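# Examination of the molecular architecture
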Amino acid sequence: MKVYKVMETTKKKAEELMNDMASYGWEVAAVTYWSMWSICLLVTFVKEVKEN
């Protein structure tokens, strides 16, 4: 089973966030940006987990 996590970050912190999450087994599935009052990046991570 796959689980997903969406996290908000800035351009400056995106690479650090992706490397940090990779160390926990997460992979980047998608990156997009959100602009309402300010611009931020939304990074979607995916990880395979074993079902019980």
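For the structure, check the block above.
Everything in this summary refers to the structure shown in the same document. (Residues numbered from 1 in each chain as written. Predicted model: local features only at pLDDT ≥ 70, side-chain atom pairs only at ≥ 80, totals over all residues. Heavy atoms only, no water.)

## Topic: the nonpolar core
In plain terms, the rule: Here, nonpolar core refers to any group of buried Ala, Val, Leu, Ile, Met, Phe, Trp, Tyr and Cys residues whose side-chain atoms link them within 4.5 Å. Think of it in three bands: residues with accessible area under 20% of the maximum for their type are buried, residues over 50% are exposed, and the middle band is partly exposed, with areas taken using a 1.4 Å probe on protein chains only. Numbering of helices and strands runs from the N terminus; a helix is a DSSP stretch of H or I covering at least four residues, while a strand is a stretch of E covering at least two. Contact criterion: two residues are considered in contact whenever any of their non-hydrogen atoms come within 4.5 Å of each other.
Counting residues in hydrophobic clusters, the biggest one holds 5 residues: L17, M21, W26, V43 and F45. Among the elements of the structure, helix 1 (11-22) and strand 3 (39-48) are those that each provide at least two residues to this core. In this structure, V43 is in contact with K5, V6, M7, T9, M18, V28, A30 and V31, ignoring residues within four places of it in sequence.

## Here's the deal with the sheet that holds strand 3
Formally: If DSSP finds at least two bridges between two strands, the strands pair. With axes taken as lines fitted to C-alpha atoms, and helix axes fitted only over the stretch in contact, angles between N-to-C directions fall between 0 and 180 degrees.
Here 3 strands make up an open sheet; going across it, the order is 1-3-2 and the pairing antiparallel. Whereas interior strands pair on both sides, the edge strands pair on one side only; in this sheet they are strand 1 (2-9) and strand 2 (27-35). Averaged over all pairs of adjacent strands, the angle between their axes in this sheet comes to 20 degrees, without regard to strand direction. As paired strands, strand 2 and strand 3 are joined by 8 bridges and run antiparallel to one another. Bridge assignment links A30 to a residue of strand 3, and that residue is T44.

Without other data, these values stay purely geometric and don't point to any function.
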